[in-house]
Amino acid sequence: MNLANWLVDIADKHPQKEALLKGECCSADYATFRARSSSISDYLENILELKKGDRVAIFLANSTEYLEIIYAVWFLGGVVVPINSKLHIDEALWIINDSGSKALFTDKKSMFNGQEYTQLKITVISTTEKSFFKLYSFSSNRSPVKISKNDLVWLFYTSGTTGSPKGVMLSSKNLQAMVDGYLSDVDSVSSSDTALYSAPMSHGAGLYNVIFVKLGARHSVPVSGRFDPLEVLKLSLKLKSVCMFLAPTMVNRLVRQAEKSMSSTEGIRTIIYGGGPMYLADIIHAVKIMGPRFVQIFGQGECPMAISALKRDEISDRESWNWRERVSSVGRKQSVVDVAIKDPNGNVLPVNHIGEICVYGAPVMLGYWNNPTATESTLIDGWLKTGDLGRIDSNGYIMLEGRSKDLIISGGSNIYPREVEDVLLQCPNVFEASVVGKIDPEWGEIVVAFIVGTEITFDDLDLFCIEKISRFKRPREYIFLDSLPKNNYGKILKKELRNLL
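Residues numbered from 1 in each chain as written. Predicted model: local features only at pLDDT ≥ 70, side-chain atom pairs only at ≥ 80, totals over all residues. Heavy atoms only, no water.

## Quick look at helix α10 (residues 248-261)
The following threshold applies: Only runs of H or I of at least four residues qualify as helices and only runs of E of at least two qualify as strands under DSSP, and these elements are numbered from the N terminus. Expected span, for any helix, means 1.5 Å times one less than how many residues it has. Partly exposed describes any residue whose relative accessible area lies between the buried limit of under 20% and the exposed limit of over 50%, with all areas from a 1.4 Å probe on protein chains only and scaled to the type maximum. Note on contacts: a residue pair is in contact if any heavy atoms of the two residues lie within 4.5 Å.
Across its 14 residues, α10 extends 20 Å between first and last C-alpha, which sits within 8% of the 20 Å expected from 1.5 Å per residue. Residues of α10 that are buried: Pro-248, Met-250, Val-251, Asn-252, Leu-254, Val-255, Gln-257 and Ala-258. Next to the buried residues of α10 lie α9 (229-239), β11 (242-246), β12 (268-273), α11 (280-290) and β13 (294-300).

## Examining the sheet that holds strand β1 (residues 18-22)
This is how the line gets drawn: Paired strands, in this sense, are two strands between which DSSP finds at least two bridges. A fitted line through C-alpha atoms represents every axis, and for helices the fit uses only the stretch in contact; the resulting angles, taken between N-to-C directions, go from 0 to 180 degrees.
Taken in spatial order, the nine strands of this open sheet run β2-β1-β10-β9-β11-β12-β13-β14-β15, and their pairing is mixed. Lying at the two open borders of the sheet, with one neighbouring strand each, are β2 (25-29) and β15 (332-333). Pairing of β1 with strand β10 (residues 218-221) involves three bridges; the strand directions are parallel. Residue pairing in the sheet places Leu-21 in a bridge with Ser-220 of β10. Its contacts with the sheet put α11 on β12 and β13, and the angle it makes with β13 is roughly 145°.

## So, the nonpolar core
In plain terms, the rule: To define a nonpolar core, start from buried Ala, Val, Leu, Ile, Met, Phe, Trp, Tyr and Cys residues and group those joined through side-chain atoms within 4.5 Å.
Within the largest apolar cluster, 119 residues are counted, with the highest numbers of intra-cluster contacts made by Trp-74, Trp-154 and Phe-294. By residue number, the principal contributor to this core is helix α3 (residues 64-75), which donates nine residues. Once residues within four sequence positions are removed from consideration, Phe-294 is found in contact with Val-251, Val-255, Ile-271, Tyr-273, Ile-283, Ala-286, Val-287, Lys-311, Arg-312 and Ile-315. The next biggest cluster of nonpolar side chains, apart from the first, holds 20 residues, and it includes Ala-433, Leu-461, Phe-464 and Tyr-478.

## A closer look at helix α1 (residues 4-13)
For an α-helix, 3.6 residues make a turn, and residues three or four places apart therefore share a direction. For α1, every residue scored as buried is listed here: Ala-4, Trp-6, Leu-7, Val-8, Ile-10 and Ala-11. Against the buried residues of α1 lie α2 (30-46), α3, α6 (172-186) and α8 (209-214).

## Quick word on the packing of aromatic side chains
Note the cut-off: Pairing of aromatic rings covers Phe, Tyr and the six-membered ring of Trp, with a centre-to-centre limit of 6.5 Å; geometry is then stacked below 30 degrees between planes, edge-to-face above 60, and tilted otherwise.
Enumeration over the complete set of coordinates arrives at 16 aromatic pairs. With a centroid separation of 6.2 Å and an interplanar angle of 50°, the aromatic rings of Trp-74 and Trp-154 are classed as tilted. One end of the pair, Trp-74, is in helix α3; the other, Trp-154, is in strand β7 (residues 152-157), and 80 residues separate them in sequence. A relative accessible area of 1% places Trp-154 in the buried class. Here Phe-132 and Tyr-136 contribute two aromatic rings whose centre-to-centre distance is 5.7 Å and whose plane-to-plane angle is 75°, an arrangement assigned as edge-to-face. Looking at Phe-132, the relative accessible area reads 1%, which means it is buried.

Structure follows, in structure tokens:
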């Protein structure tokens, strides 16, 4: 099924319902949203001669136009190639060329020089020029073309935190399964909700739009087009019943802003967090300041937002005897997948044994774009090898222990960075912590911790760790930084920390 049909259905049923908002100001009802996407699609097909299956790159900051373009591409059966707007121009060009995109929508036309245009050999459409709005004057009543469930619709490039980006191929079936998992296991959605896009729309925040379109909710993009904690808090109060997806680093910034300014969070209904580890101390504090508004999801580009979920009542629970362990988890598997913990030989491990988290089900990607070698090593008999280490407890909760590539083996013992990081972040005056392994002639590897904090010493941290974890797990070295290196989505770049060693 073509996902653009959801937009058409809502526009037919509720044409005058508010759809797209710039901040709190409505810029399009659902009838207009549909008409604009139809018109842009008509331009792509009849003027640029794009056809079903062609890729269209979107290199934009968050905007309501972003959503119009997504559905325009889907109207003609094309493939959306979302590019993080904060990427360097060379990184964006690499993705554009690797994907074989036939057109590019961008608000960064000035970043491209003449030579780069020659390399692209595609039509570049600037959303910041008046000519863009002429695209609204083509046919406004097109119907979405028919596609099959396994047709490619979304080509997402991984962040490259552990290597070069790979193009994850997601089909209509994959995204529909993501929607089913969300509505079944993550949260409800109604037409009175407003999806707020403050995290990058090139990632999970933008991918979730299909759920809110399907249910006829509103879609608001902050006027700044970016994540500004104070702007989010003020806007949420005006919009009410706001739902948003945020990375853990963004959640922490929002919580600090709400605490600092004593701002009301009543306008926020749901904050879904994922895309990186949310440490126990941080989520406990977040619930204390903002209340039971948080839901956690665990997923990857290869299985978008759809591996597991930890519901709001589980996150806010402080009565169960094992609530701390539960809140430290990433929840139970979503109903649209099967999850197993496997050893390096592919054997399923028993309860509470650590191994690689593997996933099977409808949301799992088709494979990697033009990369059969990577596909064959990652998809084994339909099972996705996530590269994440974890275990499943007796109640079905999945505990992340870190990336398999981040595992530290010291003196023959396995040390999982996540466990050490969780302890370090409980130490007063530690704001951020990241743990990596360093080659050591005696032990094989030793634990090194990178710390962002104030008024704290090696001895302070060493004594704190000795009280909390086994001696062999404690860091042997501490390196103090002003900030940890992160990618454009807030994930800590451990490869850069290793380079610092």
